[in-house]
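Chain by chain, the residues run as shown.
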Amino acid sequence: MGVEILPKSSHLENLEASGPWKVASASAAASTLSEPPRRTQESRTRTRALGLPMEQSAVSPEPPGPRPVLGRDSVQVPDDQDFRSFRSECEAEAGWNLTYSKAGVSVWVQAVEMDRTLHKIKCRMECRDVPAETLYDVLHDIEYRKKWDSNVIETFDIARLTVNADVGYYSWRCPKPLKNRDVITLRSWLPMGTDYIIMNYSVKHPKYPPRKDLVRAVSIQTGYLIQSTGPKSCVITYLAQVDPKGSLPKWVVNKSSQFLAPKAMKKMYKACVKYPEWKQKHQPHFKPWLHPEQSSLPSLALSELSVQHADSLENIDESAVAESREDRTGSAGGEGSDDDTSLT
């Protein structure tokens, strides 16, 4: 995972979902693993992942814009409409302000009040010599993340919900004097021809409560849209709204995320370039995100999880670092150490 304060690429946005392929309850989620004849989101995703022809289905027309993501009270696995909505938001231009554009990397933030709301940030990067499928693999591969992500403390998958959804843990180092963070997220992914989506949101797991030595962050909405632009090139869009908790003012979080995001993306790009050679030496055919039959994760019912709301977590006092962080981000002019960045 990682926090895509950006965690492992992995884990899902808090998206409002409905539609014919929706898993509406824990029993329904369990049935997606035990009733193969049903044409669920899971079976549709398996068909896509294996490159088999899709049957026609009565999916509702694409909505005119993204659906609301906040205020969800129950844990749900995103459906087709949720993926369409996420893609629509990644591609949207209205309501976004460009704050950074350099060397093929651009950053936008939504036009909201600086002090009162955590910004939603969108970062897009051109990858001219990285195929879309390679970038998708890098975002999924936990073992490789431990090699290239110098911020990671610990990351692992906890359990699977369906063939294209799981729950995972990620903890990462923050620059001193900030306390280190961790996050539990529900992640879902979907290959769409030569394009891919991965998205996540924070959940509570009874066996992984907040730790005293870490600050539990909250992924309100986090994800990636990877779009192929050729056999050896792609564009990745990172969309996130993350609350790192602690007691840093929201304007400090908003300001720092705008220059940390492109640095983290560039770091990930370098990892993508080196991935094919590394993977050839480390279980080259093991890709459970493409071949769900390879997964050895235990199954988990949705009823075991609950949505992690930011206001239910304790605020850790970090007010003393607010001024120093302001000075650091301002004086750095958007530049700084790669070790200050992390993508969830």
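Residues numbered from 1 in each chain as written. Predicted model: local features only at pLDDT ≥ 70, side-chain atom pairs only at ≥ 80, totals over all residues. Heavy atoms only, no water.

- If you look the chain up in an unreviewed UniProt entry, it shows as START domain-containing protein 10 from Bos taurus.

### Quick look at the overall build of the chain
Phase 1 of the analysis: Across its full length, the chain carries 7 helices and 11 strands.
Phase 2 of the analysis: Put simply, the chain has 344 residues, and 56% of those count as buried.
Phase 3 of the analysis: Looking at the chain as shown, the accessible area adds up to about 15,000 Å², and 51% of this sits on carbon and sulfur atoms. (Helix = DSSP H or I, 4+ residues; strand = E, 2+ residues; numbered from the N terminus. Buried < 20%, exposed > 50% of the residue type's maximum accessible area, 1.4 Å probe, protein only. Areas by Shrake-Rupley, 256 points an atom, 1.4 Å probe, with all protein chains shown as cover.)

### Some details on the packing of aromatic side chains
Phase 1 of the analysis: Overall, the coordinates contain 8 aromatic pairs when judged by the stated rule.
Phase 2 of the analysis: Measuring from ring centre to ring centre gives 4.8 Å for Tyr-144 and Trp-278, while their planes differ by 45 degrees; the resulting arrangement is tilted. Taken together, the positions of Tyr-144 in helix 5 (residues 142-148) and Trp-278 in helix 6 (residues 250-280) put the pair 134 residues apart, joining distant regions of the chain. For the pair Tyr-144 and Trp-278, a shared accessibility class is recorded, and that class is buried.
Phase 3 of the analysis: If you follow Lys-122 out to its NZ or CZ, it ends over the ring of Trp-108, 6.0 Å from the centre. (Phe/Tyr/Trp six-rings, centres within 6.5 Å; stacked < 30°, edge-to-face > 60°. Lys NZ or Arg CZ within 6 Å of the ring centre and 35° of its normal.)

### Remarks on helix 4 (residues 132-140)
Phase 1 of the analysis: By the criterion of burial, helix 4 is predominantly enclosed, with 8 of the 9 residues buried.
Phase 2 of the analysis: The set of residues buried in helix 4 consists of Ala-132, Thr-134, Leu-135, Tyr-136, Asp-137, Val-138, Leu-139 and His-140.

### A few points about the pairing of strand 10 (residues 233-243)
Phase 1 of the analysis: With 11 of its 11 residues buried, strand 10 lies for the most part within the structure.
Phase 2 of the analysis: Inspection of the sheet shows strand 3 (residues 121-127) paired to strand 10 by 7 bridges, in the antiparallel sense. Residue Cys-123 lies in a different strand from strand 10, and its bridge partner there is Tyr-238.
Phase 3 of the analysis: Relative to strand 10, strand 9 (residues 218-230) runs antiparallel, the two sharing 11 bridges. Among the inter-strand pairings, Ser-219 is bridged to a residue of strand 10, identified as Val-242. (Pairing = 2+ DSSP bridges.)

### Describing the confidence of the model for the chain
Phase 1 of the analysis: When pLDDT is averaged along the chain, the result is 75, and 64% of the positions lie at 70 or above.
Phase 2 of the analysis: For the chain, per-element mean pLDDT is lowest for helix 1 (residues 26-34), which scores 36, and highest for helix 4, which scores 97.
Phase 3 of the analysis: Overall, residues 1-71 carries pLDDT values under 50, and its contacts beyond four positions in sequence, including any with other chains, amount to 235 contacts.
Phase 4 of the analysis: Predicted confidence is poor over residues 321-340, with pLDDT under 50, and the contacts of this stretch with residues over four places away or in other chains come to 36 contacts. (pLDDT = per-residue confidence, 0-100. Contact = heavy atoms within 4.5 Å.)

### Concerning the pattern of salt bridges
Phase 1 of the analysis: Enumeration over the complete set of coordinates arrives at 13 salt bridges.
Phase 2 of the analysis: The partner of Lys-279 in a salt bridge is Asp-141, with the nearest N and O atoms 3.4 Å apart. Taken together, the positions of Lys-279 in helix 6 and Asp-141 in the loop between helix 4 and helix 5 put the pair 138 residues apart, joining distant regions of the chain.
Phase 3 of the analysis: By relative accessible area, Asp-141 is classed as buried at 6%.
Phase 4 of the analysis: Among the ionic pairs, Asp-182 bridges to Arg-216, the shortest N-O distance being 2.7 Å. Of this pair, Asp-182 sits in strand 6 (residues 181-192) while Arg-216 sits in strand 8 (residues 215-216), and the two are 34 residues apart along the sequence. (Salt bridge = Lys/Arg side-chain N within 4 Å of Asp/Glu carboxyl O.)

### Considerations on the pairing of strand 4 (residues 152-162)
Phase 1 of the analysis: Pairing between strand 4 and strand 5 (residues 165-172): 8 bridges, direction antiparallel. Considered in strand 5, the bridge of Thr-155 is made with Tyr-170.
Phase 2 of the analysis: Hairpin connection, strand 4 to strand 5: the antiparallel pair is bridged by 2 residues.

### Concerning the state of the cysteines
Phase 1 of the analysis: Going through the model one piece at a time under the given rule, you end up with 0 disulfides.
Phase 2 of the analysis: Free of any disulfide, Cys-272 has its nearest cysteine sulfur in Cys-127, 6.3 Å distant.
Phase 3 of the analysis: In this structure Cys-272 comes out as buried when scored by relative accessible area, which is 2%. (Disulfide = S-S within 2.5 Å.)

### Description of unusual backbone geometry
Phase 1 of the analysis: Phi at Ala-103 is positive, roughly 50 degrees, even though this residue is not glycine.
Phase 2 of the analysis: Owing to a relative accessible area of 73%, Ala-103 belongs among the exposed residues under this scheme.

### Here we look at helix 3 (residues 80-91)
Phase 1 of the analysis: A rise of 1.5 Å per residue sets the reference length of helix 3, with its 12 residues, at 16 Å; its end C-alpha atoms lie 17 Å apart and thus fit the reference within 8%.
Phase 2 of the analysis: Buried residues dominate helix 3, accounting for 10 of its 12 residues.
Phase 3 of the analysis: Where helix 3 begins, one side-chain oxygen reaches toward the backbone nitrogen of Gln-81, 3.1 Å away; that side chain belongs to Asp-79. (Expected span 1.5 Å × (residues − 1). Polar contact = N/O pair within 3.5 Å; in protein donor to acceptor, adjacent residues only side chain to side chain.)

### Looking at the environment of Leu-305
Phase 1 of the analysis: Mapped onto the elements of the fold, Leu-305 is located in the loop between helix 6 and strand 11 (306-307).
Phase 2 of the analysis: Considered as a pair, Leu-305 and Ser-74 are 231 residues apart in the sequence and their alpha carbons are 8.5 Å apart.
Phase 3 of the analysis: Residues in contact with Leu-305, not counting those within four places in the same chain, are Val-75, Leu-161, Val-167, Leu-186, Val-203, Lys-204, His-205 and Leu-300.

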